[in-house]
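# Chain and residue survey
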Amino acid sequence: AQSVAQPEDQVNVAEGNPLTVKCTYSVSGNPYLFWYVQYPNRGLQFLLKYITGDNLVKGSYGFEAEFNKSQTSFHLKKPSALVSDSALYFCAVRALITGSARQLTFGSGTQLTVLP
Amino acid sequence: EAGVAQSPRYKIIEKRQSVAFWCNPISGHATLYWYQQILGQGPKLLIQFQNNGVVDDSQLPKDRFSAERLKGVDSTLKIQPAKLEDSAVYLCASSSSEQYFGPGTRLTVT
């Protein structure tokens, strides 16, 4: 079974400071890893994904994430936070298995608040 | 490109009533998903369709939930009868590679 852990329910950061939202995963075999963002009363929006290749993945709105296989982590980062980045962030994993049902397993989410 | 459309956006019903949600995926996306997102939790997959066939419905409570995608495009998710614990946001997603999500239907069961 695959699983995702987001150890922090809430992350607060001052505008202009770097931010990190943590994610660890468990999956059989090689993982597909994703980050989604959810604004109030909106659906989830895709931010970025890791499939293979460079461990540092760049995505939308200046976000990036670093895949660390030994630590089974996929932390989301941004060098300089904006107030508009305040939202709920979800990490998700899918096993890279031929013929799989492409089922995503989501973490419980981290509420990011960027303080002006 | 139009996104995933869902309706209604909000629904309030009493327990034991029935309710239906509708989803129109992004044009050309063969795969469609229904998720349940309970407050404070991540989305949980209920059912996945590939065209009009069910790929995975292992987490769908089949005694009260049903879903169909008759023509391989639009889909409906039904709950009958609803329970208090069904209060959640029901998200529809479609994919070609990444999954794209609709705005969701917020269901409140009283």
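Going along each chain's sequence as written, the residues are numbered from 1 onward. Labels follow written order: the first chain is A, the first ligand is 1, and so on. Note on the predicted model: pLDDT of at least 70 is required for a residue's local features to be given, and 80 or more for side-chain atom pairs to be given and counted; whole-chain, interface and lining totals, by contrast, use all residues. The side-chain values count all of the structure's non-hydrogen atoms but skip hydrogen atoms and water molecules.

### Considerations on the packing of aromatic side chains
- To pair, rings of Phe, Tyr and Trp, with the six-membered ring standing in for Trp, must have centres within 6.5 Å; the planes then decide the type, stacked if under 30 degrees apart, edge-to-face if over 60, and tilted in the middle. All chains considered together, the criterion is met by 16 aromatic pairs over all chains.
- Pairing Tyr25 of chain A with Phe67 of chain A gives two aromatic rings, centres 6.2 Å apart and planes at 25°, and the pair type is stacked. With Tyr25 of chain A in strand β4 (residues 24–26) and Phe67 of chain A in strand β8 (residues 64–68), this pair connects stretches of sequence that are 42 residues apart. Across this residue pair, the class does not change: Tyr25 of chain A and Phe67 of chain A are buried.
- An angle of 40° between the planes, with centres 6.4 Å apart, marks the rings of Phe65 of chain B and Tyr90 of chain B as tilted. Placement of the pair is Phe65 of chain B in strand β7 (residues 65–68) and Tyr90 of chain B in strand β9 (residues 88–95), with a sequence separation of 25 residues.
- Taken together, the ring pairs in this structure connect Tyr32, Phe34, Tyr36, Phe46, Phe90 and Phe106 of chain A together with Tyr33, Tyr35 and Phe101 of chain B into an aromatic cluster. Secondary structure elements follow DSSP: runs of H or I of four or more residues count as helices, runs of E of two or more count as strands, with numbering from the N terminus. To sort residues, take the accessible area from a 1.4 Å probe on protein chains only and compare it with the maximum for the residue type: under 20% means buried, over 50% means exposed, and anything in between is partly exposed.

### Some details on the state of the cysteines
- For this text, the term disulfide refers to a pair of cysteine sulfurs within 2.5 Å. Across all of its chains, the model carries 2 disulfides over all chains by this definition.
- Disulfide pairing places Cys23 of chain A opposite Cys91 of chain A at an S-S distance of 2.0 Å. Judged by the torsion about the S-S bond (-60°), the Cys23 of chain A/Cys91 of chain A disulfide is left-handed. A residue pair is termed long-range when its members are at least 10 positions apart, and Cys23 of chain A in the loop between β3 (19–21) and β4 and Cys91 of chain A in strand β10 (residues 87–95) qualify at 68 residues. No difference in accessibility class separates Cys23 of chain A from Cys91 of chain A, as the two residues are buried.
- Shown here is the disulfide that connects Cys23 of chain B with Cys92 of chain B, its sulfur atoms set 1.9 Å apart. Sign of the S-S torsion, about -70° for the bond between Cys23 of chain B and Cys92 of chain B, identifies this disulfide as left-handed.

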